[in-house]
Each structure stands twice: as structure tokens, then as C-alpha cells.
Amino acid sequence: MEEKKETREERNREKLTNADWIMAEFYATWCPHCKRMQPIVEEFKKSVEGVLEVVQIDVDQESSLSDFYAIDTVPTFVLMRKGEQLWRQSGELTLKRLEKAVRGLKA
């Protein structure tokens, strides 16, 4: 089990550091706001398919990543390009707000 955690965490660290465009959602399974965001995140993934990758990072399972990015509130969304944070917001967001963040920076 520990090996799988390390593999997932390393894979996500690699993506966040090197991906051309990526949106990370830091979440927790026990978080009611995160649970309410799940269908919106799934719809967002579909709407940006081919434009950027969306990764979901469980702060309890991948704590070194959440510590590295100083995540203290869930959900937190971070739009990145080649490891540089371009946009960040915490809390429940609408699909339009997530799409606007991408459009505003990737235009």
C-alpha cells in the first residue's frame, strides 16, 4: 500500500512540475465542500479535455504535496504551467468560475 501511495504522489509531483497546463484540485474525502464539488470537477474535466489535465490530490494521502503547495483549506484549485502557479482559489466554485480561470490565463 505504501508503495502505491509513493508512486501516485511521485507521479502527481512530476505532473505538477512539468505539465504544460494542469489544474490541481486538492481535496479530502471527509470534506463536505469537496464532495459537493465532485460533479462540477468531473464536468470541468470533460469541458477542458485536450486543453489541460486535471489532477485530484487527496491531502491526506499525498500530504507531502499538500505541504509543499501550502494547502490549508480544501478544496483548493491551483492552475499551473511548467510548475509555476498562475491562479489559485479555495472553496466551492462554479463550473463557470473554473472555466473562466483557464480562459483568462490560457487565451
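We now turn to the structure provided with this report. Only a predicted model underlies this, so the values are computations on that prediction, with no experimental measurement involved. (Residues numbered from 1 in each chain as written. Predicted model: local features only at pLDDT ≥ 70, side-chain atom pairs only at ≥ 80, totals over all residues. Heavy atoms only, no water.)

**Here we look at the overall build of the protein**
Helix and strand counts for the protein stand at four helices and four strands. Listed N to C, the secondary structure of the protein is α-β-α-β-α-β-β-α in terms of helices and strands. Surface accessibility of the protein: about 6,300 Å² in total, with carbon and sulfur atoms responsible for 50%. In the protein, 18 positive and 20 negative side-chain charges are present, and the distance between their average locations comes to 6 Å. (Helix = DSSP H or I, 4+ residues; strand = E, 2+ residues; numbered from the N terminus. Areas by Shrake-Rupley, 256 points an atom, 1.4 Å probe, with all protein chains shown as cover. Lys, Arg positive; Asp, Glu negative; His and termini not counted. Charge placed at Lys NZ, Arg CZ, Asp CG, Glu CD.)

**A short note on the nonpolar core**
Counting 17 residues, the largest nonpolar core has Leu16, Phe26, Ile57, Tyr69 and Val74 as its most contacted members. Going through the elements one at a time, strand E1 (22-27), strand E2 (53-58) and strand E3 (76-81) are the ones with two or more residues in this core. Here this core gets three residues from one element, more than from any other, and that element is E1. With 16 residues, the next largest nonpolar core counts Met37, Phe77, Leu79 and Trp87 among its residues. (Core = buried A, V, L, I, M, F, W, Y, C linked by side-chain atoms within 4.5 Å. Buried < 20%, exposed > 50% of the residue type's maximum accessible area, 1.4 Å probe, protein only.)

**What to know about the side chain of serine 66**
Within the secondary structure layout, serine 66 lies in helix H3 (residues 63-68). Of the polar contacts made by the side chain of serine 66, one reaches the backbone oxygen of serine 63; its length is 3.0 Å. Among all residues touching serine 66, those that are not within four sequence positions of it are Phe26, Val59 and Ile71. (Polar contact = N/O pair within 3.5 Å; in protein donor to acceptor, adjacent residues only side chain to side chain. Contact = heavy atoms within 4.5 Å.)

**Some remarks on the environment of glycine 50**
Residue position: glycine 50 is located in the loop between helix H2 (32-47) and E2. For the pair formed by glycine 50 and leucine 16, sequence separation is 34 residues and the distance between their alpha carbons is 17 Å.

**Thoughts on the pairing of E2**
With six bridges connecting them, E1 and E2 associate as parallel partners. The partner of methionine 23 across the bridge, within E2, is valine 54. For the crossover from E1 across H2 to E2, the handedness is right-handed. (Pairing = 2+ DSSP bridges. Right-handed = clockwise from strand over helix to strand, strands pointing away.)

**A closer look at the pairing of E3**
Within E3, five of the six residues are buried, leaving the element largely enclosed by the surrounding structure. Examined bridge by bridge, E1 and E3 share five bridges and lie antiparallel to one another. Paired with glutamate 25 across the two strands is phenylalanine 77, which belongs to E3. Here E3 pairs with strand E4 (residues 84-90) via six bridges, running antiparallel. Bridge pairing in E4 places valine 78 opposite arginine 88. Joining the antiparallel neighbours E3 and E4 is a turn of two residues, in which lysine 82 adopts a positive phi near 50°.

**What to know about unusual backbone geometry**
Most peptide bonds take the trans configuration, and most residues that are not glycine carry a negative phi. Note that the residue after valine 74, namely proline 75, is joined by a cis bond; omega there is -5°. Positionally, proline 75 belongs in the loop between H3 and E3. With a phi angle near 50°, lysine 82 is a residue other than glycine that sits in the positive phi range. Within the secondary structure, lysine 82 sits in the loop between E3 and E4.

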